[in-house]
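# Understanding the architecture of this molecule
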Amino acid sequence: GSTQDKERRKALFRQFDPNGNGYLSLAEIEKGIRDVLAIDALFDAKPAIIRAFNSAKNATHGHSKVGAD
């Protein structure tokens, strides 16, 4: 993607990461979907969100949170 797209993704990530630690917990992801994106249908897809979170977590070699990069 373009540099502009990358900056938009970074800004969105910062909105999801209220404590600014560069990692998202499952709770922060769910809160971001509900409060930042405000997409009820996506928030209601909790099983899929949990599976995606766990898949990403496992891809980071067992770290407990998913990072910004």
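Residues numbered from 1 in each chain as written. Predicted model: local features only at pLDDT ≥ 70, side-chain atom pairs only at ≥ 80, totals over all residues. Heavy atoms only, no water.

### Focus: the overall build of the chain
- In terms of regular secondary structure, the chain is built from 4 helices and 2 strands.
- For the chain, the N- to C-terminal ordering of α and β elements is α-β-α-α-α-β.
- Each of the 69 residues in the chain was classed as buried or not, and the buried ones make up 17%.
- Within the chain, counting contacts between residues at least 6 apart in sequence, those at least 24 apart form 35% of the total.
- In the structure as shown, the chain presents an accessible area of about 5000 Å², 54% of it carried by carbon and sulfur atoms. (Helix = DSSP H or I, 4+ residues; strand = E, 2+ residues; numbered from the N terminus. Buried < 20%, exposed > 50% of the residue type's maximum accessible area, 1.4 Å probe, protein only. Contact = heavy atoms within 4.5 Å. Areas by Shrake-Rupley, 256 points an atom, 1.4 Å probe, with all protein chains shown as cover.)

### Some thoughts on the environment of glycine 32
- Turning to its location among the elements, glycine 32 is positioned in helix H2 (residues 26-37).
- In this structure, the C-alpha to C-alpha distance between glycine 32 and glutamine 15, residues 17 residues apart in sequence, is 7.3 Å.
- When neighbours within four sequence positions are excluded, glycine 32 is seen to be in contact with Phe16 and Leu37.

### A look at the nonpolar core
- In this structure, Phe13, Phe16, Leu24, Ile29, Ile33, Ile49 and Phe53 together form the largest nonpolar core, which totals 7 residues.
- Looking at this core, the elements with two or more residues in it are helix H1 (3-16), H2 and helix H4 (46-59).
- The contact partners of isoleucine 33, leaving out residues within four places of it in the chain, are Phe16, Ala38, Ile39, Leu42, Phe43 and Ile49. (Core = buried A, V, L, I, M, F, W, Y, C linked by side-chain atoms within 4.5 Å.)

### Description of unusual backbone geometry
- Of note, alanine 38 is a non-glycine position whose phi angle comes to about 55°, a positive value.
- The residue alanine 38 is located in the loop between H2 and helix H3 (40-43) in this model.
- Since its relative accessible area comes to 53%, alanine 38 is described here as exposed.

### Things to note about a positive patch on the surface
- A contiguous patch of positive charge, built from Lys6, Arg9, Lys10 and Arg14, is present on the exposed surface.
- Residue position: arginine 9 is located in helix H1. (Patch = residues over 30% accessible without salt bridge, like charges linked within 9 Å, V, L, I, M, F, W, Y side chains within 5 Å. Salt bridge = Lys/Arg side-chain N within 4 Å of Asp/Glu carboxyl O. Lys, Arg positive; Asp, Glu negative; His and termini not counted. Charge placed at Lys NZ, Arg CZ, Asp CG, Glu CD.)

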